[in-house]
Amino acid sequence: MTTWRAATVASTARLTSTARSIVLDVPGWQGNLAGQHLDLRLTAEDGYQAVRSYSIASVGPGQLVELGVDKVVDGEVSPYLVDEVRAGDQLEIRGPLGGWFVWRPADVGPVQLVAGGSGIVPLAAMIRARRTSSSVAPFRLLYSARTPDDVLFAPELDNAGDVEITFAYTRRAPDGFARKPKRLDRTDLAELTLPPADDLTVFVCGPTGFVEAVADGLVSLGHDPARVKTERFGGA
Ligand SMILES: Cc1cc2nc3c(=O)[nH]c(=O)nc-3n(C[C@H](O)[C@H](O)[C@H](O)COP(=O)(O)OP(=O)(O)OC[C@H]3O[C@@H](n4cnc5c(N)ncnc54)[C@H](O)[C@@H]3O)c2cc1C
């Protein structure tokens, strides 16, 4: 088990009306793989502590570590991170953690990414890792968000080069958008994701219910369950 270490908030930036990028300065950080997460611990003045996991959006060397946090309105930790944390604040982190839900530049097979809401964070790290390593592994992303205003890392995704990106919306779509707002179903998955292939890897990330529905749908379409890697963020 890795130990807790100090992190200082280096900068923050709005990603959407409910989500914020938080860049931490972590002395001694030795880098992370795309898809890994860390544990973050907050300690109140009375000693009360809360620990939550957050995926790491950044990849590569250096001691700056970026998170992307979306606010769960009645949550204990995420409203503080999205609305209150400031540059200079001290936090504690532990990580990087996780060795299964990761993409390595040495992996040359095709990759299908499926994100729900803030589940885009580790998948954005994979897109970043692909770009910085000049990998040519075929990448496709299906990103389900509530509305176009709820898309995290939108400018970056708009400039993701040859990564094929499809957006889907659950509450409001742009004017003239072909698909009406709804949750992804099996038909959507069949139409909007890569078909099963021997060396295809799928990464699915988001709220628990989203991940389970998407993973079940993909397996029913013939994907090998062992190649459908999932990360559940919690919630319904
Ligand atoms: C491996 C891992 C990586 C994660 N990475 C990210 C990330 O990159 N960005 C991010 O924003 N979150 C991420 N999460 C979710 C995060 O850990 C917290 O669960 C989330 O921020 C809510 O914490 P909270 O203290 O605000 O809410 P809590 O006080 O823990 O929960 C309040 C209420 O919200 C519900 N709830 C908890 N989590 C969620 C959720 N994710 N969606 C909807 N409802 C929820 C609870 O069931 C409860 O009813 C990740 C979780 C895991 C396990």
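Structure shown above.
This report concerns the structure included in the present document. Predicted model only: the values in this text are computed from it and were never measured.

1. Observations concerning the environment of Phe167
And step 1. Inspection of the secondary structure assignment puts Phe167 in strand E9 (residues 164-169).
And step 2. Separated by 25 residues in the primary sequence, Phe167 and Leu142 have C-alpha atoms spaced 5.9 Å apart.
And step 3. Setting aside anything within four residues of it in sequence, one finds Phe167 in contact with Tyr143, Val151, Leu157 and Phe177.

2. Remarks on the pairing of strand E8 (residues 139-145)
If a strand is regular, its side chains alternate between the two faces of the sheet.
And step 1. With seven of seven residues buried, E8 is to be regarded as a mostly interior element.
And step 2. What you see with E8 is no split at all: Phe139, Leu141, Tyr143 and Ala145 on one side and Arg140, Leu142 and Ser144 on the other are buried throughout.
And step 3. Examined bridge by bridge, strand E7 (residues 111-116) and E8 share six bridges and lie parallel to one another. Bridged to Gln112 within E8 is Arg140.

3. Things to note about the site of the ligand
And step 1. Surveying the vicinity of the ligand reveals 22 residues, the closest of which are Arg52, Ser53, Tyr54, Val77 and Ser78.
And step 2. Within the contact set of the ligand, a nitrogen atom lies 2.9 Å away from a backbone nitrogen or oxygen of Gly68.
And step 3. Here an oxygen atom of the ligand and a backbone polar atom of Glu76 are 2.9 Å apart.
And step 4. Burial of the ligand by the surrounding chains reaches 73%, relative to a free accessible area of 910 Å².
And step 5. Among the cavities detected, the one that contains the ligand is the largest pocket.
And step 6. Secondary-structure elements contributing two or more residues to the shell around the ligand are strand E4 (49-55), strand E5 (64-70), helix H1 (78-83) and strand E11 (228-232).

4. Observations concerning helix H5 (residues 208-220)
And step 1. Taking 1.5 Å of rise per residue, the 13 residues of H5 would be expected to cover 18 Å, and the 18 Å separating its terminal C-alpha atoms lies within 8% of that figure.
And step 2. Among all positions of H5, only Thr208, Phe210, Val211, Val214, Ala215, Gly217 and Leu218 are buried.
And step 3. Downstream of H5 by one or two residues, Gly222 has phi in the positive range, about 110°.

5. A few points about helix H2 (residues 120-132)
And step 1. Its 13 residues place the ends of H2 18 Å apart at the C-alpha level, agreeing with the 18 Å of an ideal helix rising 1.5 Å per residue.
And step 2. In the core, the buried residues of H2 are packed alongside E4, E5, E7, E8, helix H3 (154-158) and strand E10 (201-206).
And step 3. Downstream of H2 by one or two residues, Ser134 has phi in the positive range, about 55°.

Each value, and the rule that gives it
Residues numbered from 1 in each chain as written. Predicted model: local features only at pLDDT ≥ 70, side-chain atom pairs only at ≥ 80, totals over all residues. Heavy atoms only, no water. Helix = DSSP H or I, 4+ residues; strand = E, 2+ residues; numbered from the N terminus. Contact = heavy atoms within 4.5 Å. Buried < 20%, exposed > 50% of the residue type's maximum accessible area, 1.4 Å probe, protein only. Pairing = 2+ DSSP bridges. Near = heavy atom within 4 Å. Polar contact = N/O pair within 3.5 Å; in protein donor to acceptor, adjacent residues only side chain to side chain. Areas by Shrake-Rupley, 256 points an atom, 1.4 Å probe, with all protein chains shown as cover. 1 Å grid on protein atoms, 1.4 Å probe; cavity = no way out; pocket = protein on both sides within 12 Å on 5 of 7 lines; lining within 4 Å. Sits in = over half its atoms within 2 Å of the grid points. Expected span 1.5 Å × (residues − 1).

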